[in-house]
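# Working through the structure, step by step
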Amino acid sequence: MLASMPVSTGGGSPRRVRRLSAPILDLLAALVRDRGDLALVLITHDPATAALAHRIAVLDAGEVVEQGPAGRVLTEPRHPFTVALRETIDRLGTYTRA
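All of these numbers come straight from a predicted model, not from anything done at the bench.

### Digging into the nonpolar core
- Of all hydrophobic cores here, the largest spans six residues; its members are A50, I56, V58, A70, V73 and L74.
- Elements represented by at least two residues in this core include exactly β3 (55-60) and α3 (70-75).
- At three residues, the largest contribution of residues to this core is made by α3.

What follows is the structure in structure tokens.
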């Protein structure tokens, strides 16, 4: 299953985004958990949503610049583009762990 920005809410407040996104993400997680033949690819700009993944690929201009276990990519990025994303998230204070 491919879900492109499944919890996009058009720029709502962080509290509103979490409230609206939780049921959708719970449903997607349940589908993957309950069906042995289903894989899920999430396309997101939200690091809290990305944190739900087992693995992450970071794209810059359509090219994969970094990939690896979600925890490592989100907390110890190696590529300069991923580092810049991480610093922006930290500066804006928008990263929340799932």
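### A few points about the pairing of strand β4 (residues 63-69)
- Both β3 and β4 contribute to a ladder of six bridges, which runs antiparallel. When the sheet's bridge partners are listed, R55 is paired in β4 with P69.
- Hairpin connection of β3 to β4: two residues between the antiparallel strands, including A61 at a positive phi of 55°.

### Overview of the side chain of T82
- Mapped onto the secondary structure, T82 falls in helix α4 (residues 80-92).
- For T82, a relative accessible area of 5% corresponds to the buried category.
- Sequence-distant contacts of T82, defined by excluding residues within four places in its chain, comprise V58, V65, E66, V73 and P77.

### Observations concerning α4
- Across its 13 residues, α4 extends 18 Å between first and last C-alpha, which sits within 8% of the 18 Å expected from 1.5 Å per residue.
- Buried within α4 are the following residues: T82, R86 and I89. Taken down its axis, α4 places every buried residue within 60° of arc, on the same side. Seen from the buried face of α4, the exposed residues on the opposite side, beyond 90 degrees, are P80, R91 and L92.
- Buried residues belonging to α4 abut α2 (47-50), β3, β4 and α3.

What counts, and at which threshold
- Residues numbered from 1 in each chain as written.
- Predicted model: local features only at pLDDT ≥ 70, side-chain atom pairs only at ≥ 80, totals over all residues.
- Heavy atoms only, no water.
- Core = buried A, V, L, I, M, F, W, Y, C linked by side-chain atoms within 4.5 Å.
- Buried < 20%, exposed > 50% of the residue type's maximum accessible area, 1.4 Å probe, protein only.
- Helix = DSSP H or I, 4+ residues; strand = E, 2+ residues; numbered from the N terminus.
- Pairing = 2+ DSSP bridges.
- Contact = heavy atoms within 4.5 Å.
- Expected span 1.5 Å × (residues − 1).
- Arc of directions from axis to C-beta.

Function cannot be inferred from these measures alone, as they are strictly geometric.
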